[in-house]
Amino acid sequence: MDKCLYDGYVKILEEELLPAMGCTEPISVAYAAALSRDTLGALPEKVEITVSGNILKNVKSVVVPNTGGMKGVNSAAAAGIIAGVAEKKLEVISSVTEKDKANIVAYLDNAEFTVEQSHSDCVFDISVRVTKGNDSALVRIAGHHTNVVLIEKNGKDILNVNFDGEETACCADRKLLSVDKILEFADCVNIADVEGVIKRQIAYNMAIAEEGLKNDYGAKVGKVLLKSFGEGVHNLAKATAAAGSDARMNGCSLPVVIVSGSGNQGMTASLPVIVYARRLGVGEEKLIRALIVSDLITVHLKTGIGRLSAYCGAVSAGCGAGAGVCYLYGGGYGEVSRTVVNALAINSGVICDGAKSSCAGKIASAVEAGLLGFEMSRNGSGFAGGDGILEDGVESTIDNVGDIARVGMRETDEEIIRLMIKNAKKTR
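The structure displayed is predicted, hence computed values, not measured ones. (Residues numbered from 1 in each chain as written. Predicted model: local features only at pLDDT ≥ 70, side-chain atom pairs only at ≥ 80, totals over all residues. Heavy atoms only, no water.)

Asker: Can you tell me about the nonpolar core, naming the residues and giving the values?
Answerer: With 133 residues, the main nonpolar core has Ile 93, Ile 126, Phe 185, Val 194, Ile 198, Ile 292 and Leu 296 as its most contacted residues. The leading source of residues in this core is helix H11 (residues 284-305), at eleven residues. Sequence-distant contacts of Ile 93, defined by excluding residues within four places in its chain, comprise Met 21, Ile 27, Ala 30, Val 64, Pro 65, Asn 66, Ala 79, Gly 80 and Gly 84. Listed in part, the six residues of the second largest apolar core include Cys 122, Leu 138, Ala 142 and Leu 150. (Core = buried A, V, L, I, M, F, W, Y, C linked by side-chain atoms within 4.5 Å. Buried < 20%, exposed > 50% of the residue type's maximum accessible area, 1.4 Å probe, protein only. Helix = DSSP H or I, 4+ residues; strand = E, 2+ residues; numbered from the N terminus. Contact = heavy atoms within 4.5 Å.)

Following this line, the structure appears as structure tokens:
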């Protein structure tokens, strides 16, 4: 494999497979708030938060970990200000104490908070301005969860990065990805180059899934699946992925390893592959190579869609999981491509209406589509180019899905956000 391409794929895995505690959008708000407090150098009296609609959507209904069950933008920002350690980035509120939790509640009662929707064209946009007396500080994160583009104190720039509105500012070019090259990379990669990030993904994501299966979180989708349909590998794969989301969406403080900026996608892409690998009894090296397939195909699918949209990201990760399982069974380019196309034909169009308990159900559905897509491929069956949005060739179909999600569903996204804001006002 070409060395530049090889190094790029390693870099993509290093950039994507990051640890995060809690849903990544409220955690990004907490990170911006912690940075703004540090810049101000004092406990703010006033906190003004401006976020894009997709941030509002993904923060509204999910529990912020280590807050005692609180939800919403204000709670995330308050947690970051009171107890955040900015250097930890997506684990910014991992060190919250019981005393901190009480202080977060008190701070929400005493400080002045405002939240406004941004009119920026950037779908991922967070600004936190904090004030005490005559001093103020402003932090803006845009494009992706830790991409700080502006730090300002008393009107003077400390950091000001030229940001052109692209949704990601990562170093490695995701456009290098293709299904055939992903499989080539998985086959030839030196395991030592990737085992650190992949082994962490296995350890972290299995731990939170086991927590979700053991205890009652949210709607208990994972536990219901096991109780209702048993522990056959097909159902266990769905239940394990759903259980991780049950826990994560409902306040569990265990970290996950994310993919495409999302813990739910990170768990969906990895946990079914791990479950199948353990049931099949394959060795660690084969599992690592299969997870590379799943992770990179998930990123490949999401590249054309964007980090945040009206298109449920679990669908992409479910395709990745199906591809990873196919690889475990010895599938090559033809089999993996058919798996991805089949899964996209089955489940494309599931809407994202924010992070919340029902994400676990959508994950179960996405994994089902990925596994059905694999079983169809395995049995010589598949959907043909020309059926609906499908084209001849996996890459053309992936491009079509990206266009639908990024362009065609833009108005859908706006309507979802409008409805969620309206419903939030009704419940106040």
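There is more to say, and it comes next.
Asker: Break down the packing of helix H12 (residues 313-328) against helix H13 (residues 333-347) for me, citing the residues and quoting the values.
Answerer: How two helices sit against one another is set out by the angle between their axes and by the gap between those axes. Their axes nearest at 9 Å, the elements H12 and H13 cross at an angle of 150°. As far as their axial angle goes, H13 and H12 are roughly antiparallel. Considering the relative orientation of H12 and H13, their crossing is right-handed. For the pair formed by H12 and H13, the contact residues are Val 315, Cys 319, Gly 322, Ala 323 and Cys 326 on the first element and Glu 335, Val 336, Thr 339, Val 340, Ala 343, Leu 344 and Asn 347 on the second. (Axes fitted to C-alpha atoms, helices over the stretch in contact; angles between N-to-C directions. Parallel < 35°, antiparallel > 145°, perpendicular 65-115°, else oblique. Left-handed = near helix turned anticlockwise from the far one by under 90°.)

Asker: If you had to explain H12 to someone new, which residues and values would you point to?
Answerer: Helix length check: H12 (16 residues) gives 23 Å between terminal C-alpha atoms against 22 Å at 1.5 Å per residue, within 8%. Within H12, 16 of the 16 residues are buried, which leaves it mostly tucked inside the rest of the structure. At the exit of H12 stands Gly 330, carrying a positive phi of roughly 95°. (Expected span 1.5 Å × (residues − 1).)

Asker: Please provide a residue-by-residue account of the sheet that holds strand E6 (residues 148-153), values included.
Answerer: Spatially, the six strands line up as an open sheet ordered E3-E2-E4-E5-E6-E7, and their pairing is mixed. With one partner strand each, in any of the chains shown, strand E3 (112-117) and strand E7 (156-160) form the two edges of the open sheet. Adjacent strand axes in the sheet meet at a mean angle of 10° when their direction is disregarded. Each of strand E2 (46-51), E3 and strand E4 (125-132) touches helix H4 (residues 73-83); the most contacted strand, E3, lies at about 125° to it. (Pairing = 2+ DSSP bridges.)

Asker: Talk me through the pattern of salt bridges; I want residue IDs and the actual numbers.
Answerer: Enumeration according to the criterion identifies 20 salt bridges in this entry. Put simply, Arg 174 and Glu 15 hold a salt bridge, and the shortest N to O gap is 2.5 Å. In this pair, Arg 174 is assigned in the loop between E7 and helix H6 (179-188) and Glu 15 in helix H1 (residues 3-16), connecting sequence segments 159 residues apart. Considered together, Arg 174 and Glu 15 belong to a single accessibility category, that of buried residues. (Salt bridge = Lys/Arg side-chain N within 4 Å of Asp/Glu carboxyl O.)

Asker: Give me the packing of aromatic side chains: which residues, what numbers.
Answerer: Working definition: an aromatic ring pair is given by the centre-to-centre distance plus the angle between the planes. Counting across every chain of the model gives five aromatic pairs. Seen from their ring centres, Tyr 9 and Phe 185 are 5.4 Å apart, and the 70° between their planes marks the pair as edge-to-face. Placement of Tyr 9 in helix H1 and of Phe 185 in helix H6 is noted, with a sequence separation of 176 residues between them. Side by side, Tyr 9 and Phe 185 carry an identical accessibility label, which is buried. Between Tyr 276 and Tyr 329, the ring centres sit 6.4 Å apart and the planes meet at 65°, which makes this aromatic pair edge-to-face. Residue Tyr 276 is located in helix H10 (residues 263-280), and its partner Tyr 329 is located in the loop between H12 and H13; the two are separated by 53 residues in the primary sequence. Through successive ring pairs, a cluster of aromatic residues spans Tyr 6, Tyr 9 and Phe 185. The ring of Tyr 327 has Lys 286 sitting right over it, with the charged end atom 4.4 Å from the ring centre. (Phe/Tyr/Trp six-rings, centres within 6.5 Å; stacked < 30°, edge-to-face > 60°. Lys NZ or Arg CZ within 6 Å of the ring centre and 35° of its normal.)

Asker: Before we move on, can you summarise the state of the cysteines with the specific residues and values?
Answerer: Per the stated rule, a full pass over the model turns up zero disulfides. Left without a disulfide partner, Cys 252 is nearest to the cysteine sulfur of Cys 23, which lies 14 Å away. (Disulfide = S-S within 2.5 Å.)

Asker: Give me the lowdown on helix H7 (residues 195-214), citing residues and values where you can.
Answerer: With 20 residues, H7 should reach 28 Å at 1.5 Å per residue; the first-to-last C-alpha distance of 28 Å fits that figure. Every buried residue of H7 is listed here: Val 197, Ile 198, Gln 201, Ile 202, Asn 205, Met 206, Ile 208, Ala 209, Glu 211 and Gly 212. On the buried face of H7, the contacting elements are H1, helix H8 (221-229), helix H9 (233-249), strand E8 (255-257), H10 and H11.

Asker: Outline the environment of Glu 45, supporting the account with residue identities and numerical values.
Answerer: Tracing the backbone shows Glu 45 in the loop between helix H2 (24-40) and E2. Note: C-alpha distance between Glu 45 and Val 130 (85 residues apart in sequence) is 7.4 Å. Contact partners of Glu 45, with chain neighbours within four places excluded, come to Ala 111, Glu 112, Thr 131, Lys 132 and Gly 133.

Asker: How would you sum up empty space enclosed by the protein? Please name residues and give values.
Answerer: One pass over the full model with this rule turns up one cavity of 30 Å³ or more. Reported here for the largest cavity is a volume of approximately 310 Å³. For the largest cavity, the lining is made up of 28 residues, of which Asn 58, Ser 262, Gln 265, Gly 313 and Cys 352 are closest to its centre. Looking at the lining of the largest cavity, the elements that each hand over two or more residues are H2, H9, H10, H12 and helix H14 (359-378). The biggest single contributor to the lining of the largest cavity is H14, with three residues. Looking at the lining of the largest cavity residue by residue, the class counts come to ten nonpolar, eleven polar and seven charged. (1 Å grid on protein atoms, 1.4 Å probe; cavity = no way out; pocket = protein on both sides within 12 Å on 5 of 7 lines; lining within 4 Å. Points joined across faces, edges and corners; volume = space filled by probe spheres on them. Nonpolar A, V, L, I, M, F, W, Y, C, P; charged D, E, K, R; others polar.)

Asker: Describe in detail a nonpolar patch on the surface, supporting the description with residues and values.
Answerer: A cluster of nonpolar side chains, Ile 158, Leu 159 and Val 161, forms an exposed patch at the surface whose accessible area comes to about 240 Å². With respect to the element layout, Val 161 can be found in the loop between E7 and H6. A relative accessible area of 37% places Val 161 in the partly exposed class. (Patch = residues over 30% accessible without salt bridge, like charges linked within 9 Å, V, L, I, M, F, W, Y side chains within 5 Å. Areas by Shrake-Rupley, 256 points an atom, 1.4 Å probe, with all protein chains shown as cover.)

Asker: Tell me about the packing of H13 against helix H15 (residues 394-408), residues and numbers included.
Answerer: At a minimum axis distance of 10 Å, the contact between H13 and H15 shows a crossing angle of 25°. As far as their axial angle goes, H15 and H13 are roughly parallel. For the pair H13 and H15, the sense of crossing is left-handed. Counted together, Tyr 333, Ser 337, Val 340, Val 341 and Leu 344 of H13 and Val 394, Thr 397, Ile 398 and Val 401 of H15 form the full contact between these two elements. Of the residues that constitute the contact of H13 with H15, the class distribution is seven nonpolar, two polar and no charged.

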